[in-house]
Amino acid sequence: MDTHLLSKSDIRHRIWQELQRAVVDRHHEWRTPVLATLGVDGAPQARTVVLRHADSGRAVLHIYTDSRSPKVAELEAAPQVSLVFWSKRLSWQLRMRAQATVQRSGPEVDAVWARISTSAAAGDYLSAQAPGAVLDTAAEGHSKGVSGPHHLALIKLQVLEIDWLELARSGHRRASLTQTGWTWRVP
Ligand SMILES: Cc1cc2nc3c(=O)[nH]c(=O)nc-3n(C[C@H](O)[C@H](O)[C@H](O)COP(=O)(O)O)c2cc1C
């Protein structure tokens, strides 16, 4: 269906439907959004992450990371973040404003680790050195001493506002969505 025919409530529903699809479809363009944070030096920081969970009812997204990565310290100092998604197929961009909380332990982290620990991705959370640390070997980019406790952290993002932009030949459309509000904007 042509997305430019969709109405307000259809668009809201479709956004969350596509986010949920992105979690399970590794080819979905929204699987790898850009997460922007405020660096501890006050300069912006942005990086690609994988979307792991999308709860439409609560407007919550989950991302996994290494608890020692710089983004975790940034989020703990300044939890307001921005996320950007683009889909060529949908011709939709999402810019989200969200509030992050980081969980390093507890039943939810344990449940995620129980799944990941037997997968090929386990090594991502077991490296001896922290992500971003300067390599002190001649390993040329491959330093994965894999042992010891895991460093998996769960980043929960409470979505506060979505800036939705649709590009269409017949005319672009843009709106701000909050949990209950809708404001059409000039694209
Ligand atoms: C396609 C792709 C997916 C990525 N997914 C994640 C992810 O889910 N979590 C993560 O922490 N880093 C992920 N990364 C690596 C980050 O982009 C980044 O390089 C790393 O987390 C260090 O970021 P930081 O120094 O800002 O903490 C991904 C990178 C790419 C290219």
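### Things to note about the overall build of the protein
Piece 1. Per the secondary structure count, the protein includes three helices and nine strands.
Piece 2. Split into buried and exposed, the 187 residues of the protein put 40% on the buried side.
Piece 3. Of the roughly 10,400 Å² of accessible surface on the protein, a fraction of 53% belongs to carbon and sulfur atoms.
Piece 4. Counting 23 positive and 18 negative side-chain charges, the protein places the centres of these two groups 5 Å from one another.

### Structural notes on unusual backbone geometry
Piece 1. In this structure, A59 takes a positive phi of about 55° despite not being glycine.
Piece 2. Here A59 is to be found in the loop between β3 (53-55) and β4 (60-66).
Piece 3. Positive phi, close to 60°, is recorded for S91, a residue that is not glycine.
Piece 4. Within the secondary structure, S91 sits in the loop between β5 (80-87) and β6 (92-103).

### Section: helix α1 (residues 8-24)
Piece 1. The terminal C-alpha atoms of α1, which comprises 17 residues, lie 25 Å apart, in line with the 24 Å expected from a rise of 1.5 Å per residue.
Piece 2. Looking only at α1, the buried set comprises I11, R14, I15, W16, E18, L19, A22 and V23.

### Considerations on the site of the ligand
Piece 1. Taken together, R47, T48, V49, V50, Y64, T65, S69, P70 and K71 are the residues near the ligand.
Piece 2. At 2.6 Å from an oxygen atom of the ligand is found a side-chain nitrogen or oxygen belonging to K71.
Piece 3. When the ligand is considered free in solution it has 620 Å² of accessible area, and contact with the protein chains removes 58% of it.
Piece 4. Sorting the residues of the shell around the ligand by element identifies β2 (44-48), β4 and α2 (70-77) as the ones contributing at least two each.
Piece 5. Across the shell around the ligand, the residue classes tally to four nonpolar, three polar and two charged.

### Some remarks on the side chain of S127
Piece 1. Tracing the chain through its elements places S127 in the loop between α3 (107-116) and β7 (152-166).
Piece 2. Engagement of the side chain of S127 in a polar contact is seen with the backbone oxygen of Q129, the distance being 2.7 Å.

### Details of the pattern of salt bridges
For side chains bearing opposite charge, pairing can occur when the charged atoms are close.
Piece 1. What the rule picks out here adds up to twelve salt bridges.
Piece 2. A salt bridge links E18 to R89; the nearest nitrogen and oxygen atoms lie 2.8 Å apart. Of this pair, E18 sits in helix α1 while R89 is found in the loop between β5 and β6, placing the two residues 71 residues apart along the sequence.
Piece 3. On the basis of relative accessibility, which here comes to 0%, the residue E18 falls in the buried class.

### Remarks on the environment of S127
Piece 1. Classification of S127 by relative accessible area gives buried; the value is 6%.
Piece 2. Sequence separation of S127 and H150 is 23 residues, and the distance between their C-alpha atoms is 8.2 Å.

### Comments concerning the nonpolar core
Piece 1. Formed by 33 residues in total, the largest nonpolar core has its most connected members in I15, L19 and L61.
Piece 2. Put simply, the parts of the chain that give this core at least two residues each are α1, β4, β5, β6, β7 and β8 (173-177).
Piece 3. Here the element with the most residues in this core is α1; it accounts for six residues.
Piece 4. Residues Y64, A122, L126 and L152 belong to the second largest nonpolar core, which totals ten residues.

### Thoughts on the packing of aromatic side chains
Piece 1. Tallied over the entire structure, the rule returns six aromatic pairs.
Piece 2. Put simply, the rings of W30, F85, W92, W164, W182 and W184 pair up and form one aromatic cluster.

### Here's the deal with the pairing of β2
Piece 1. Inspection of the sheet shows strand β1 (residues 34-38) paired to β2 by five bridges, in the antiparallel sense. Bridging from a neighbouring strand, L38 pairs with P44 of β2.

### Focus: the pairing of β1
Piece 1. The side-chain alternation of β1 yields one buried face, formed by L35 and T37, and one unburied face, formed by V34, A36 and L38.
Piece 2. Here β1 hands over to β2 after five residues, with G42 in that stretch at a positive phi of 90°.
Piece 3. Both β1 and β5 contribute to a ladder of three bridges, which runs antiparallel. Looking across to β5, one finds that A36 is bridged to S82.

Conventions we followed
- Residues numbered from 1 in each chain as written.
- Predicted model: local features only at pLDDT ≥ 70, side-chain atom pairs only at ≥ 80, totals over all residues.
- Heavy atoms only, no water.
- Helix = DSSP H or I, 4+ residues; strand = E, 2+ residues; numbered from the N terminus.
- Buried < 20%, exposed > 50% of the residue type's maximum accessible area, 1.4 Å probe, protein only.
- Areas by Shrake-Rupley, 256 points an atom, 1.4 Å probe, with all protein chains shown as cover.
- Lys, Arg positive; Asp, Glu negative; His and termini not counted.
- Charge placed at Lys NZ, Arg CZ, Asp CG, Glu CD.
- Expected span 1.5 Å × (residues − 1).
- Near = heavy atom within 4 Å.
- Polar contact = N/O pair within 3.5 Å; in protein donor to acceptor, adjacent residues only side chain to side chain.
- Nonpolar A, V, L, I, M, F, W, Y, C, P; charged D, E, K, R; others polar.
- Salt bridge = Lys/Arg side-chain N within 4 Å of Asp/Glu carboxyl O.
- Core = buried A, V, L, I, M, F, W, Y, C linked by side-chain atoms within 4.5 Å.
- Phe/Tyr/Trp six-rings, centres within 6.5 Å; stacked < 30°, edge-to-face > 60°.
- Pairing = 2+ DSSP bridges.

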